[in-house]
Amino acid sequence: MKFWPVPHLMVDSIYDVSAETLKDFGVLLLFIDVDNTIAPYSDNKVYPRLSEWIEGFRKKGIEPYILSNNRGQRPKIFAKALSVGYVGKARKPSTKTLKRVLEEKGVPRERAAIIGDQIYTDVLCARLAGMFSVLVRPLSLKNPLLAARYGLEMPFRIIYKLRQRRSKRKQTP
Ligand SMILES: [Mg+2]
């Protein structure tokens, strides 16, 4: 369902998603959120683990690309440090910017994915564009507004878990 923002894959951290997994789903282009996905809001540093994770995708032929709603310098800072393309002020869940990038790259939507920490921006954006979506747990919820938003997203996280449980039960004879 297009407007039903349940992710295709839900994991704790970006480091739980390997290039091999996404390759199996046929992904060629990976849109990556910045805030609370690859770094908490308060941290602009790029750690070796993040660079290695990004490099892992390149090695498997998946292009990492930063797609962030942040209006400041953070998308640029991370994109430069990781040598990836980027768009800031992307206005997710609007799919406008994302579609432009897909067109520029000549990648069909079925071969692209989004990874991010928010249901109503990242996952919904992927769903609206007909793309694969990966949801991670936000890195920091110290800000009460972020914590409240996380609470509002909870039903969709629970639905994902219930579906997983059901499909596992079906698989066991
Ligand atoms: Mg985010």
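Procedures and definitions
Residues numbered from 1 in each chain as written. Predicted model: local features only at pLDDT ≥ 70, side-chain atom pairs only at ≥ 80, totals over all residues. Heavy atoms only, no water. Buried < 20%, exposed > 50% of the residue type's maximum accessible area, 1.4 Å probe, protein only. Helix = DSSP H or I, 4+ residues; strand = E, 2+ residues; numbered from the N terminus. Pairing = 2+ DSSP bridges. Right-handed = clockwise from strand over helix to strand, strands pointing away. Salt bridge = Lys/Arg side-chain N within 4 Å of Asp/Glu carboxyl O. Contact = heavy atoms within 4.5 Å. Core = buried A, V, L, I, M, F, W, Y, C linked by side-chain atoms within 4.5 Å. Phe/Tyr/Trp six-rings, centres within 6.5 Å; stacked < 30°, edge-to-face > 60°.

*Asks:* Describe in detail the pairing of strand β3 (residues 63–67), supporting the description with residues and values.
*Replies:* For β3, a buried count of four out of five residues is recorded, marking the element as mostly surrounded by other parts of the structure. Two elements, strand β2 (residues 29–32) and β3, share four bridges in a ladder whose sense is parallel. Paired with I32 across the strands is I66, a residue of β3. Bridge analysis of β3 against strand β4 (residues 85–87) gives three bridges, and the strand direction is parallel. What sits directly across from L67, in β4, is V87. Running through helix α3 (residues 74–82), the crossover from β3 to the neighbouring parallel element β4 is right-handed.

*Asks:* Summarise the pattern of salt bridges; cite the residues concerned and give the values.
*Replies:* Using the criterion set out here, one finds ten salt bridges in the structure. The shortest N-O distance in the salt bridge between R74 and D35 comes to 2.7 Å. Of the two residues, R74 is situated in helix α3 and D35 in the loop between β2 and α2 (48–59); the sequence distance between them amounts to 39 residues. Of the residues examined, R74 reaches a relative accessible area of 8% and is grouped as buried. E63 is the partner of K105 in a salt bridge, and the nearest nitrogen-oxygen pair spans 2.8 Å. One end of the pair, K105, is in helix α4 (residues 96–105); the other, E63, is in strand β3, and 42 residues separate them in sequence. According to the relative accessible area criterion, K105 is partly exposed, its value standing at 34%. E63 sits in the partly exposed class, given a relative accessible area of 30%.

*Asks:* So what's going on with the environment of Y160? Residues and values would help.
*Replies:* Looking at where Y160 falls in the secondary structure, it is placed in helix α6 (residues 144–171). C-alpha of Y160 to C-alpha of R71: the two residues are 89 residues apart in sequence and 30 Å apart in space. Ignoring anything within four residues of it in the chain, the contact list for Y160 reads V6, P7, H8, L9 and M10.

*Asks:* Could you give me a rundown of the nonpolar core, with the residues and numbers involved?
*Replies:* In globular proteins that are soluble, nonpolar side chains generally tend to be buried together. In this structure, L22, L30, I38, W53 and I115 are the most contacted members of the largest nonpolar core, which totals 34 residues. For this core, the element with the highest residue contribution is α2, accounting for four residues. When residues no more than four places from it in sequence are discounted, the contact partners of L22 are V17, V27, L30, F57, I62, F132 and V134. Judged by nonpolar contacts, the second largest core, of 16 residues, contains L29, Y65, A112 and I114.

*Asks:* Outline the packing of aromatic side chains, supporting the account with residue identities and numerical values.
*Replies:* Counting across every chain of the model gives six aromatic pairs. Considering the side-chain rings of F25 and F132, the 4.4 Å spacing of their centres and the 35° angle between planes classify their relative orientation as tilted. With F25 in the loop between α1 (19–24) and β2 and F132 in strand β6 (residues 132–135), this pair connects stretches of sequence that are 107 residues apart. Classification of F25 as partly exposed rests on a relative accessible area of 43%. One aromatic cluster in this structure is built from W4, Y120 and F156.

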